Amino acid sequence: MKIAITGCGIGGLAIANLLADTDHEITLYDQFDTPAPVGSGLVIQPVGLRVLEKMGAAEDALAYGAAGYQMLGHESHTGRKVLDVSYGPNGGNSFGLGIHRASLFEALLNASQRKGVSITTASRVTGTTLLNRKHTLDLTGKTAGPFDLVIDASGAKSPLSPMTAKPLPYGAIWGTVDWPETTSLSYSRLQQRYRRASNMIGILPIGTLPNDNSPKAALFWSMPRNDFTLWENTPIDEWRKGAIGLWSELAPFVEQIQSHSQMTHARYSHGTLRKPYSQGLVHIGDAAHRASPQLGQGANMALLDAYALAHCLKHYALEQALAEYHKSRKRHVKIYQAMSWMFTPMYQSDSRILPILRDWLLAPSSTVPPAPKILTSLVKGTMVSPHRGIDI
Ligand SMILES: Cc1cc2nc3c(=O)[nH]c(=O)nc-3n(C[C@H](O)[C@H](O)[C@H](O)COP(=O)(O)OP(=O)(O)OC[C@H]3O[C@@H](n4cnc5c(N)ncnc54)[C@H](O)[C@@H]3O)c2cc1C
């Protein structure tokens, strides 16, 4: 088949890599002129790491990233522990890999290029035209195709996905900072501080960057989606004071932020395609399902989608392959989208009641067995099988 992949992000590179050893003729398009992954760090969960292994990208990713063995969250005012999820003992095989987007991209790109994948850059996709069961891609100023299959991996702003996602009231600003030598915080933990659900600051160790060997961290600060402009127009010093007021131990991290431009805005939305495919067109990653990053699953979901779709395209004829892809991922996507919908307002909303429930009901009950095990499997991405009927 002639296959077009739109979007050279996490899902797009993964599917191109996993299909590289087939006879299909694959073209990977992205709007960028040169690859420039935006944003800061994220966590690759153990299920996502397994896909990276299959792609030949795990070794590089592990060399760049930082193994995290615990997620800890405290209420800022009372010091009360609100979140404590452990992957297993420090130094063990089970961890979430904190990694900068640029480093993850580099690992995915290197593994894909070793398999002969090339990228057609400066190609912004605006739509497709379906004629005689084949799609022609509309790119700015040109067309391409026809293709037997278009794989839409163009992320949360996909022009091909029919999803109407609901904007979430809170987003965040994210920045990359050096890990200070003076801090007593652990480099193997993601840590957060909250005040109600309206304030949250967090620090995520993310290892090193492709051209910089010094250890880094992602610093994030929750913010109502409509407050970004106000924040940009407020002196940065005021924000620093507020951030350090919420968590004084974070001062050596926060003080590195000297200008608004060091932080990137992220707006979040929530939505799921009921059927992520149609005639000759299939959606993976954020083009198929979007959620807040509270559970740290988006990149994993894109990798899991790519793995399932590649598997189905290798084992079934086109129409059945798309249906089987949907079947294998449906339950996992549904449960994780529901969990994200349920948990996000406890950490990012204006609600007064939800953070009280979080601190006084959920936090104590989460320490009673089997809750810790359930929470760990939720975060690891294995609360339900990621791929029904497919072994990975
Ligand atoms: C601040 C933040 C923190 C996050 N933290 C985590 C985390 O800890 N763990 C986790 O698993 N997930 C996390 N996520 C989610 C994760 O980043 C996404 O779910 C994941 O990147 C989705 O992968 P994707 O391949 O679908 O899209 P992307 O990785 O966004 O890639 C989309 C690609 O498509 C290209 N593109 C877009 N439009 C077009 C077009 N019209 N034409 C051509 N190309 C186009 C873009 O240039 C880009 O290269 C986070 C997200 C955010 C915003």
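Note: the structure precedes this text.
Just so it is clear, the model here is predicted, and its values are computed rather than measured.

A. How the structure looks around the environment of Thr-136. Structurally, Thr-136 can be placed in strand β10 (residues 134-139). For Thr-136, a relative accessible area of 23% corresponds to the partly exposed category. The spacing of Thr-136 and Cys-312 is 176 residues in sequence and 23 Å in space, taken between C-alpha atoms. Residue contacts for Thr-136: discarding those within four places in its chain leaves Gly-127, Thr-128, Thr-129, Thr-143, Ala-144 and Pro-146.

B. How the structure looks around the sheet that holds strand β22 (residues 289-290). The strand order across the open sheet built from three strands is β13-β19-β22, with neighbouring strands paired in antiparallel fashion. The open sheet is flanked by β13 (166-167) and β22, the only strands paired with a single partner. Relative to β22, strand β19 (residues 269-272) is paired through two bridges, and the arrangement is antiparallel. Across the sheet, Thr-272 pairs through a bridge with His-289, a residue of β22. Each of β13, β19 and β22 is contacted by helix α9 (residues 318-347), which is oriented at about 155 degrees to β19, the strand it contacts most.

C. Here's a closer look at the pairing of strand β16 (residues 199-209). Taking burial as the measure, the eleven residues of β16 include ten buried ones, the bulk of the element. As judged from the five bridges shared by strand β15 (residues 189-195) and β16, these two strands associate in the antiparallel manner. Of the residues in β16, the one forming a bridge with Gln-192 is Gly-202. Between the antiparallel neighbours β15 and β16 lie three residues, among them Arg-196 with a positive phi of about 50 degrees. Here β16 hands over to strand β17 (residues 212-224) after two residues, the two strands then running antiparallel side by side.

D. Representation of the packing of helix α8 (residues 298-315) against α9 within the structure. The geometry of α8 relative to α9 is characterised by a closest axis approach of 8 Å and an angle of 155 degrees between their N-to-C directions. By the criterion of interaxial angle, the relationship of α8 to α9 is roughly antiparallel. Handedness of the α8/α9 crossing: right-handed. The segment α8 lies against α9, with Met-301, Leu-304, Asp-305, Ala-308, Leu-309, Cys-312 and Leu-313 engaging Leu-318, Ala-321, Leu-322, Glu-324, Tyr-325, Ser-328, Arg-329, His-332, Val-333, Tyr-336 and Gln-337. Here the contact of α8 with α9 is built from residues that sort into twelve nonpolar, three polar and three charged.

E. Quick look at the nonpolar core. Grouped together as the largest cluster of nonpolar side chains are 55 residues, with contacts concentrated most on Ile-15, Ile-44, Leu-52, Met-55, Ile-151 and Leu-309. When residues in this core are grouped by element, the largest group, eleven residues, is from α8. What Ile-151 contacts, discounting residues up to four positions off in sequence, is Ile-3, Ala-4, Ile-5, Thr-6, Ile-15, Leu-19, Val-282, Ile-284, Leu-309 and Leu-313. Among the nonpolar cores identified, the runner-up in size contains 28 residues, and Val-43, Val-85, Trp-174 and Tyr-194 belong to it.

F. Focus on a positive patch on the surface. Together, Arg-274, Lys-330, Arg-331, Lys-334 and Arg-388 make up a region of like positive charge exposed at the surface. Position of Arg-331 among the secondary structure elements: in helix α9.

G. A look at the pairing of strand β14 (residues 170-178). β14 sits mainly inside the fold: seven of its nine residues count as buried. By the bridge criterion, nine bridges tie β14 to β17 in an arrangement that is antiparallel. Bridge pairing links Gly-171 to Met-223 in β17. Pairing analysis gives four bridges linking β14 to strand β18 (residues 263-266), with the strands arranged antiparallel. Bridging from a neighbouring strand, Trp-174 pairs with Thr-264 of β18.

H. A nonpolar patch on the surface, seen in detail. On the surface, Ile-353, Leu-357 and Leu-361 cluster together to form a nonpolar patch covering roughly 300 Å² of accessible area. Take Leu-357: it is sitting in helix α10 (residues 353-365). Judged by its relative accessible area of 37%, Leu-357 is partly exposed.

I. Local environment of the packing of aromatic side chains. The tally for this structure, following the rule as stated, stands at nine aromatic pairs. Arranged with centres 4.7 Å apart and planes meeting at 25 degrees, the rings of Trp-174 and Phe-220 form a pair that is stacked. One end of the pair, Trp-174, is in strand β14; the other, Phe-220, is in strand β17, and 46 residues separate them in sequence. On the accessibility criterion, Trp-174 (16% relative accessible area) is buried. Residue classification places Phe-220 among the buried residues on the basis of a relative accessible area of 6%. When the centroid spacing of 6.3 Å and the interplanar angle of 90 degrees are considered together, the rings of Trp-231 and Trp-239 count as edge-to-face. Among the residues examined, Trp-231 registers a relative accessible area of 7% and is labelled buried. For Trp-239, a relative accessible area of 7% corresponds to the buried category. Aromatic ring contacts, followed pair by pair, group Trp-179, Tyr-187 and Phe-253 into a single cluster. In this structure, Lys-275 packs its charged tip against the face of Tyr-277, placed 4.5 Å from the ring centre.

What counts, and where the lines are drawn
- Residues numbered from 1 in each chain as written.
- Predicted model: local features only at pLDDT ≥ 70, side-chain atom pairs only at ≥ 80, totals over all residues.
- Heavy atoms only, no water.
- Helix = DSSP H or I, 4+ residues; strand = E, 2+ residues; numbered from the N terminus.
- Buried < 20%, exposed > 50% of the residue type's maximum accessible area, 1.4 Å probe, protein only.
- Contact = heavy atoms within 4.5 Å.
- Pairing = 2+ DSSP bridges.
- Axes fitted to C-alpha atoms, helices over the stretch in contact; angles between N-to-C directions.
- Parallel < 35°, antiparallel > 145°, perpendicular 65-115°, else oblique.
- Left-handed = near helix turned anticlockwise from the far one by under 90°.
- Nonpolar A, V, L, I, M, F, W, Y, C, P; charged D, E, K, R; others polar.
- Core = buried A, V, L, I, M, F, W, Y, C linked by side-chain atoms within 4.5 Å.
- Patch = residues over 30% accessible without salt bridge, like charges linked within 9 Å, V, L, I, M, F, W, Y side chains within 5 Å.
- Areas by Shrake-Rupley, 256 points an atom, 1.4 Å probe, with all protein chains shown as cover.
- Salt bridge = Lys/Arg side-chain N within 4 Å of Asp/Glu carboxyl O.
- Lys, Arg positive; Asp, Glu negative; His and termini not counted.
- Charge placed at Lys NZ, Arg CZ, Asp CG, Glu CD.
- Phe/Tyr/Trp six-rings, centres within 6.5 Å; stacked < 30°, edge-to-face > 60°.
- Lys NZ or Arg CZ within 6 Å of the ring centre and 35° of its normal.

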